[in-house]
Amino acid sequence: IPSIIATAVAFAAASASAEDFHRSQKFETFAVGQWEGADKSGILNFGKDFGGGLGVGYNLTDHFNVNVDAVFSKVSVGNGATIAPDTTHIRGCANLDYNIFQGPLTPFITGGVGVNNYDGSKGTFKISKSELEYKVGAGIRWDINKVLFAKGLYRTAWSDIRNSERFHTVSIMLGVKF
């Protein structure tokens, strides 16, 4: 199966590169599916939670893309003894991506800054807090054709809300360029 997937990706990349390909000076909008987790439990405990969201971006060149995304999820947050299982988590970030290759299939690196917001309670434990977040990551971008693209990426982030605990996300994005 891995060889079939590799062959399909190579074929699609070759056929897409035969087109007149450019990302430069195009806007894009995309849907985000994201899984998140943390290194260790501290003041707040995060499980393998899934969230969904939307984003918009602009390709300054074929290599540089600026974008913002917002992801919404329900997470389990606790203080050790008490866990609030349905805490609302909203994350919004501004990011700069660098696509290493100019072509339609390229690895990329990304960095961003944003805000995490948590709101939930269980019994006497309550949380309603927003904190600044810093993130870096890497992934693969595939411009499927002149309109559609897909990205898969891993990011790690740090935020004061987790006492400098490192936080991980794996995201899949599917979008359109215009």
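Residues numbered from 1 in each chain as written. Predicted model: local features only at pLDDT ≥ 70, side-chain atom pairs only at ≥ 80, totals over all residues. Heavy atoms only, no water.

Asker: Help me out: how do you make sense of the pattern of salt bridges in this one?
Answerer: Under the criterion given, the structure shown has 10 salt bridges. A salt bridge links Arg 91 to Glu 133; its shortest N-O distance comes to 3.1 Å. With Arg 91 in strand E4 (residues 83-99) and Glu 133 in strand E6 (residues 125-143), the pair connects residues that are 42 residues apart, well separated along the chain. Take Arg 91: its relative accessible area is 1%, and that puts it in the buried class. Overall, Glu 133 belongs to the buried group, its relative accessible area being 0%. Each of Arg 23, Glu 28, Arg 141, Asp 143 and Lys 177 takes part in salt bridges that share partners, so that together they form one network. (Salt bridge = Lys/Arg side-chain N within 4 Å of Asp/Glu carboxyl O. Helix = DSSP H or I, 4+ residues; strand = E, 2+ residues; numbered from the N terminus. Buried < 20%, exposed > 50% of the residue type's maximum accessible area, 1.4 Å probe, protein only.)

Asker: Can you walk me through unusual backbone geometry in this structure?
Answerer: What is expected of a backbone is that most residues other than glycine have negative phi and most peptide bonds are trans. Despite not being glycine, Gln 25 shows a phi value in the positive range, around 60 degrees. Given the relative accessible area of 59%, Gln 25 is considered exposed.

Asker: Help me understand the environment of Pro 107, please; the structure alone is not making it clear to me.
Answerer: With respect to the element layout, Pro 107 can be found in strand E5 (residues 105-122). Separated by 31 residues in sequence, Pro 107 and Ala 138 have C-alpha atoms that sit 7.4 Å apart. Among all residues touching Pro 107, those that are not within four sequence positions of it are Tyr 98, Asn 99, Ile 100, Phe 101, Gly 139 and Ile 140. (Contact = heavy atoms within 4.5 Å.)

Asker: I would appreciate a short explanation of the environment of Ser 73 in the present structure.
Answerer: Mapping Ser 73 onto the fold places it in strand E3 (residues 64-78). Given a relative accessible area of 8%, Ser 73 falls into the buried group. In contact with Ser 73, other than residues within four places in its own chain, are Glu 36, Phe 50, Gly 51, Thr 87, Thr 88 and His 89.

Asker: Please clarify how the pairing of E5 should be interpreted in this entry.
Answerer: The side chains of a regular strand alternate between both faces of the sheet. The pairing of E5 with E6 spans 18 bridges and is classified as antiparallel. Within E6, the residue paired with Thr 106 across the bridge is Arg 141. Connecting E5 to the next strand, E6, in antiparallel fashion are 2 residues, including Gly 123 with a positive phi near 60 degrees. (Pairing = 2+ DSSP bridges.)

Asker: Whenever I open this one, the confidence of the model for the protein confuses me. Can you help?
Answerer: Detailed conclusions should not be drawn from predicted coordinates in areas where pLDDT is low. Residue-level pLDDT values for the protein average 82, and 76% of them are 70 or greater. Taken element by element, the predicted model of the protein shows its lowest mean pLDDT in helix H1 (residues 2-17) (56) and its highest in strand E2 (residues 49-59) (93). For residues 41-45, every residue scores under 50 in pLDDT, and the model assigns this stretch 15 contacts once sequence neighbours within four places are set aside. (pLDDT = per-residue confidence, 0-100.)

Asker: Looking at this structure, I do not really get the side chain of Lys 135. What am I missing?
Answerer: With respect to the helices and strands, the residue Lys 135 is situated in strand E6. Under the relative-accessibility criterion, Lys 135 is labelled buried at 4%. Separated by 3.4 Å, the side chains of Lys 135 and Glu 133 make a polar contact. Not counting chain neighbours up to four residues away, the residues in contact with Lys 135 comprise Arg 91, Cys 93, Asn 95, Thr 110, Gly 111, Gly 112, Arg 155, Thr 156 and Ala 157. (Polar contact = N/O pair within 3.5 Å; in protein donor to acceptor, adjacent residues only side chain to side chain.)

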